[in-house]
Amino acid sequence: MRFTDTRNRNVSVSFQQAIFTGLAESGGLYYADKNPDLSQLFDSFTPQTSFNEIATATAYAFLGDELTETQVGDIVQSAFHFEPKLNRLGNNIILLELFHGPSLSFKDFGASFLAASMEAFLGKQSRHAVILTATSGDTGSAVAQAFYKKANIDVVILYPSEKVSPLQEKQLTTLGENIHALEVRGTFDDCQRLVKNAFGNTNLKKSLNLTSANSINLGRLTAQTFYYIWARSQLKTPKSEADDLTFTVPSGNFGNLTGGVWAHLCGLPVKKFIAAVNANRVFLDYLETGEFKPQPSIATYSNAMDVGNPSNFERLLAIYESVDNMRKEIESYSVNSRETIKAISSAYEKTQQFICPHTAVGIVASYLHLKKQPGKIVSLATAHPAKFADLIEKVLNITVPLPTSLKKVQALPKIAEKIDADDEALAAFLERLK
Ligand SMILES: *Cc1c(COP(=O)(O)O)cnc(C)c1O
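This write-up is about the structure you can find in this document. (Residues numbered from 1 in each chain as written. Predicted model: local features only at pLDDT ≥ 70, side-chain atom pairs only at ≥ 80, totals over all residues. Heavy atoms only, no water.)

## Focus on the pairing of strand 2 (residues 8-13)
- Sheet analysis places strand 1 (residues 3-5) next to strand 2, joined by 2 bridges and oriented antiparallel. The residue of strand 2 that forms the bridge with Phe3 is Val13.
- In this antiparallel pair of consecutive strands, strand 1 and strand 2, the connection spans 2 residues. (Pairing = 2+ DSSP bridges. Helix = DSSP H or I, 4+ residues; strand = E, 2+ residues; numbered from the N terminus.)

Put into structure tokens, the structure is as follows:
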């Protein structure tokens with residue numbers, strides 16, 4: 001299978017090229033403009049088919065001309081020591097829980113699969129790579145966990161000193177081994193600038209084989225198809241709920257939703273996608289007006305969705321080609337903070353379950369859709385509630401238990417190197433990894 005560039009359809013690259021390049025040369029994003037019809041494969045999955053079997057068969061359909069089925073199976077085994085789970089919330093909402101991975105958010109699926117794929121390709125060629133990334137807190141931990149102890153790869157994560165939460169800092173700095181945390185005396189913008197300048201330094205980039213692992217990477221998107229396919233296979237019996245499912249996706253950069261759309265393009269039957277957004281509603285405005293107008297982001301409780309210029313919009317537009325086509329398959333609802341809080345309380349009152357604010361935005365959107373169109377809906381649960389324990393405890397006045405992984409991390413010593421926010425300081429650190 002080949003992949004093209006949203007800004008230049010003459011481009012044709014392999015999966016390997018796409019994952020190591022990240023962003024296409026034009027500044028566009030890689031995606032598949034021709035997809036295999038996998039509907040028979042998807043139909044063959046049953047509730048007994050494991051997540052890893054589904055991931056292997058699906059990934060092999062994409063990567064079959066670059067890797068053997070055994071190699072793909074090994075990547076999947078190395079990536080996924082965790083699974084999604086289905087969980088009912090009332091009669092009509094099925095939560096697809098994607099937060100059982102090492103950093104407790106859905107981003108673990110994409111990051112782990114990307115890490116394992118890179119390790120496999122580098123190993124085949126005895127090459128080494130350095131992953132360089134900046135984080136404002138949350139996204140870095142999925143990358144750190146995913147690449148931990150991967151052979152032939154060093155990861156350098158820049159974060160702004162004293163501007164991430166204590167727990168986030170622990171998640172970034174306690175792994176050690178091939179994960180190097182750099183505490184930058186500066187802001188998140190400084191961290192991003194340093195990373196950008198390092199990639200702009202051709203010498204450094206070539207000699208270290210500098211690579212990014214951010215959320216637009218095609219390798220991450222690939223894994224974000226698997227759990228939609230798995231959810232459908234799980235719902236096939238006893239009485240099939242699996243025909244024409246509707247999925248609600250709490251969205252920020254729209255990478256998660258684009259994964260679902262990709263699965264659908266390959267033949268997964270889906271009635272509708274619901275893009276649940278918070279006050280950052282440029283996508284909803286686009287569906288309503290046909291105009292895409294990026295905005296500065298607005299801070300909300302569901303902060304991983306505070307995005308004013310969703311990066312995957314470009315992929316969605318390349319896929320659908322027009323707002324009319326997009327409207328046929330995607331609906332969007334914007335959910336405010338009062339509704340978000342109310343959903344957190346009412347989920348607890350009704351079912352004694354804690355839900356994170358991102359998941360809550362999705363649930364409100366699911367109910368809004370169900371009012372118009374009764375039926376069943378699969379609502380994606382994107383982060384573990386314990387990651388947002390402060391907020392939930394304030395709303396419910398009840399202590400949210402921390403999973404053992406988070407408790408353990410809190411007790412470990414921080415290993416980070418403090419650097420000034422300048423290019424030389426970063427370059428000097430990177431030289432040491434040669
Ligand atoms: C990143 C994130 C989202 C948004 O996902 P996108 O792919 O950017 O749309 C939603 N919820 C949580 C918890 C996240 O970490």
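Moving on, there is more to tell.
## Considering the environment of Ala61
- Mapped onto the fold, Ala61 is located in helix 3 (residues 51-63).
- On the basis of relative accessible area, Ala61 is assigned to the partly exposed category, the value being 30%. (Buried < 20%, exposed > 50% of the residue type's maximum accessible area, 1.4 Å probe, protein only.)

## Let's talk about the site of the ligand
- Among the 14 residues in the neighbourhood of the ligand, the closest are listed as Lys107, Gly252, Asn253, Phe254 and Thr382.
- Within the contact set of the ligand, an oxygen atom lies 2.8 Å away from a backbone nitrogen or oxygen of Phe254.
- A distance of 3.0 Å separates an oxygen atom of the ligand from a polar backbone atom of Gly255.
- Relative to its unbound accessible surface of 380 Å², the ligand loses 94% to contact with the protein. (Near = heavy atom within 4 Å. Polar contact = N/O pair within 3.5 Å; in protein donor to acceptor, adjacent residues only side chain to side chain. Areas by Shrake-Rupley, 256 points an atom, 1.4 Å probe, with all protein chains shown as cover.)

## Description of the side chain of Ser105
- Position of Ser105 among the secondary structure elements: in the loop between strand 5 (93-97) and helix 5 (107-125).
- Dropping the residues within four chain positions of it, Ser105 is found in contact with Leu98, Phe99, Thr382, Ala383 and Lys387. (Contact = heavy atoms within 4.5 Å.)

## A word on the pattern of salt bridges
- This structure, assessed with the given rule, holds 14 salt bridges.
- When the shortest N-O distance is used, the salt bridge between Arg9 and Glu321 registers 3.7 Å. Highlighted residues: Arg9 in strand 2 and Glu321 in the loop between helix 13 (313-320) and helix 14 (323-329), separated in sequence by 312 residues.
- With a closest N to O distance of 2.8 Å, Arg281 and Asp285 form a salt bridge.
- Its relative accessible area of 31% is what places Arg281 among the partly exposed residues.
- Each member of the salt-bridge network shares a partner with another, and the members are Glu169, Glu183 and Lys414. (Salt bridge = Lys/Arg side-chain N within 4 Å of Asp/Glu carboxyl O.)

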